[in-house]
Amino acid sequence: MASLAYAIVIELLPWPPCPLTLAETRLEARAGVEPAHGSFLVRVLDGIIYPDLPEWLVVGIAVGVSIAILGVYLRRYRRRRVGGVW
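No experiment lies behind these values; they were computed from the predicted model shown. (Residues numbered from 1 in each chain as written. Predicted model: local features only at pLDDT ≥ 70, side-chain atom pairs only at ≥ 80, totals over all residues. Heavy atoms only, no water.)

1. Structural notes on the confidence of the model for the protein
We apply this condition: pLDDT is a residue-level measure of predictor confidence that goes from 0 to 100. Only DSSP runs of H or I covering at least 4 residues are called helices, and only runs of E covering at least 2 are called strands; the numbering of each starts at the N terminus.
Summary statistics for the protein give a mean pLDDT of 81 and a share of 88% for residues scoring 70 or more. No element of the protein has a lower mean pLDDT than helix α3 (residues 40–48), at 74, and none a higher one than helix α4 (residues 55–83), at 87.

This is the structure we're talking about:
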């Protein structure tokens, strides 16, 4: 549940780029390749799974799925507290 809450927070708040993304950009620039711009995950998902969708929609879907999964866990937790078993 904590990792789902963390995923929601990092999707919604502006964070510095991932260290691996920074390394990828630097290595591409050193190799003479045009560095890719934007988040790696959003770039890959947008190109493979969600073609021609804006980034805000991809992020919104990721947050929505995370919230739905968190809701399932919270509902199961409440049932466990009332019934004593899963």
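2. A short note on a nonpolar patch on the surface
The test is simple: Put simply, a patch holds well-exposed residues, over 30% relative accessible area, that have no salt bridge, with like charges counted together within 9 Å and Val, Leu, Ile, Met, Phe, Trp or Tyr side chains within 5 Å. The protein chains shown are the only cover counted for residues, whose accessible areas, like all others here, come from Shrake-Rupley with a 1.4 Å probe. Throughout this description, the term salt bridge denotes a Lys or Arg side-chain nitrogen within 4 Å of a carboxyl oxygen of Asp or Glu.
A cluster of nonpolar residues, Met1, Ile61, Val65, Ile69, Tyr73 and Leu74, forms a patch on the protein surface that exposes about 490 Å² of accessible area. Structurally, Ile61 is set in helix α4.

3. A short note on the layout of surface pockets
Short version of the rule: With a 1 Å grid laid over protein atoms only, a set of points is called a cavity when a 1.4 Å probe fits there but cannot get out and a pocket when it is open yet has protein on both sides within 12 Å along at least five of seven lines; lining residues have an atom within 4 Å of a point. Grid points are joined across faces, edges and corners, and a volume is the space filled by probe spheres set on the points. Polar here means any residue outside two lists: the nonpolar Ala, Val, Leu, Ile, Met, Phe, Trp, Tyr, Cys and Pro, and the charged Asp, Glu, Lys and Arg; Gly therefore counts as polar.
Looking at the second largest pocket, its volume works out to about 190 Å³. Lining the second largest pocket are 13 residues, and of these Glu11, Leu41, Leu45, Val58 and Ala62 sit closest to its centre. Mapped by element, the contributors of at least two residues to the lining of the second largest pocket are α1 (2–12), α3 and α4. Per element, the largest residue contribution to the lining of the second largest pocket is seven residues, and it comes from α4. Tallied by class, residues from the lining of the second largest pocket come to 11 nonpolar, one polar and one charged.

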